[in-house]
Amino acid sequence: MNARTTRTLAAALSLTAALAISGCSSDSDAKAGADKPKMTVSGAFMPEPVNDQMAGAFMIIKNGSKSADKLTAVTSPISDDLQIHETKDQKMQQVAAMDVPAGGELRLERGGNHIMLMGLKSLPKVGDKIAFELRFEKADPVKVELDVKERTYNAQNTSAH
């Protein structure tokens, strides 16, 4: 091989490698973004707490994508100890995460799965709004404002809505 053929071959291989690398990263980045779950929240509320020891938070988290996800953490300025609780056989227990199915929803409601706030920094009253941030395994965090409702309030979470 002469020098000109070697340079031409090296340039062709370099161009091919560059195109392959950029094509792969663009395709996988675009695909990852398209598959990323998109969460929305509705019906978010907290019954007025009786004391500053604990409170419950309830809402419906909808996953509008074709990719399942998990609720992994919840934060709020009102408490440093927010826990995700599941209820099975009328017993609640803290869990590390809860599934949010693809194209489905996770219902956090009285008597069922919910979020517990332990050691409140202040005692919210009916009409207050409490800021929360929901964190997921794959989806971007979602900021939510919960309405503080009467202690006896129970959302009408029916599929007819």
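Residues numbered from 1 in each chain as written. Predicted model: local features only at pLDDT ≥ 70, side-chain atom pairs only at ≥ 80, totals over all residues. Heavy atoms only, no water.

Honestly, the side chain of Ser79 in this entry has me stumped. Any pointers?
Position of Ser79 among the secondary structure elements: in the loop between strand S3 (69-75) and strand S4 (81-88). Dropping the residues within four chain positions of it, Ser79 is found in contact with Leu117, Met118, Gly119, Leu120 and Lys121. (Helix = DSSP H or I, 4+ residues; strand = E, 2+ residues; numbered from the N terminus. Contact = heavy atoms within 4.5 Å.)

Please clarify how the pattern of salt bridges should be interpreted in this entry.
A pair can form between side chains of opposite charge whenever their charged atoms are brought close. With the rule as written, the count across this model stands at 8 salt bridges. Two residues, Lys143 and Glu133, come together in a salt bridge whose shortest N-O distance is 3.7 Å. Here Lys143 is found in strand S10 (residues 142-149), whereas its partner Glu133 is found in strand S9 (residues 129-136), with 10 residues between them in sequence. The exposure class assigned to Glu133 is buried, which follows from its relative accessible area of 15%. Several salt bridges share partner residues, and in doing so they unite Glu133, Arg135 and Lys143 into one network. (Salt bridge = Lys/Arg side-chain N within 4 Å of Asp/Glu carboxyl O. Buried < 20%, exposed > 50% of the residue type's maximum accessible area, 1.4 Å probe, protein only.)

I'm lost on the packing of aromatic side chains in this one. Help?
For any two aromatic rings, the description comes down to two numbers: the centre-to-centre distance and the angle of the planes. The full count for this structure, using the stated rule, is 2 aromatic pairs. Arranged with centres 5.3 Å apart and planes meeting at 35 degrees, the rings of Phe45 and Phe58 form a pair that is tilted. Placement of the pair is Phe45 in strand S1 (residues 39-47) and Phe58 in strand S2 (residues 54-63), with a sequence separation of 13 residues. Grouped by ring-pair contacts, the aromatic residues Phe45, Phe58 and Tyr153 constitute a single cluster. The ring of Tyr153 has Lys149 sitting right over it, with the charged end atom 5.0 Å from the ring centre. (Phe/Tyr/Trp six-rings, centres within 6.5 Å; stacked < 30°, edge-to-face > 60°. Lys NZ or Arg CZ within 6 Å of the ring centre and 35° of its normal.)

For this particular structure, what's the right way to read the pairing of S9?
Remark: a regular strand shows side chains that alternate across the two faces of the sheet. Where S3 and S9 come together, 4 bridges link them in antiparallel fashion. By the bridge assignment, Val74 is partnered in S9 with Leu134. Strand direction decides the pairing type here: S9 and S10, joined by 6 bridges, are antiparallel. When the bridges of S10 are listed, Glu133 appears paired with Lys143. The hairpin turn running from S9 into S10, its antiparallel successor, is 5 residues long. (Pairing = 2+ DSSP bridges.)

Please clarify how the environment of Arg135 should be interpreted in this entry.
With respect to the secondary-structure elements, Arg135 resides in strand S9. For Arg135, a relative accessible area of 34% gives the class partly exposed. Residues Arg135 and Lys70, spaced 65 residues apart in sequence, show a C-alpha to C-alpha distance of 8.6 Å. Not counting residues up to four positions away in its chain, the partners in contact with Arg135 are Lys70, Leu71, Thr72, Ala73, Thr75 and Pro141. Of the polar contacts made by the side chain of Arg135, one reaches the side chain of Glu133; its length is 2.9 Å. (Polar contact = N/O pair within 3.5 Å; in protein donor to acceptor, adjacent residues only side chain to side chain.)

Help me understand the environment of His85, please; the structure alone is not making it clear to me.
One can find His85 in strand S4. Polar contacts involving the side chain of His85 include one to the side chain of Gln83, which spans 2.7 Å.

Any chance you could explain the pairing of strand S5 (residues 91-95) here in plain terms?
Looking at chain direction, S4 and S5 are connected through 5 bridges and run antiparallel. Paired with His85 across the bridge in S5 is Gln94. In this structure, the hairpin formed by S4 and S5 is closed by a connection of 2 residues, where Asp89 is found at a positive phi of approximately 50 degrees.

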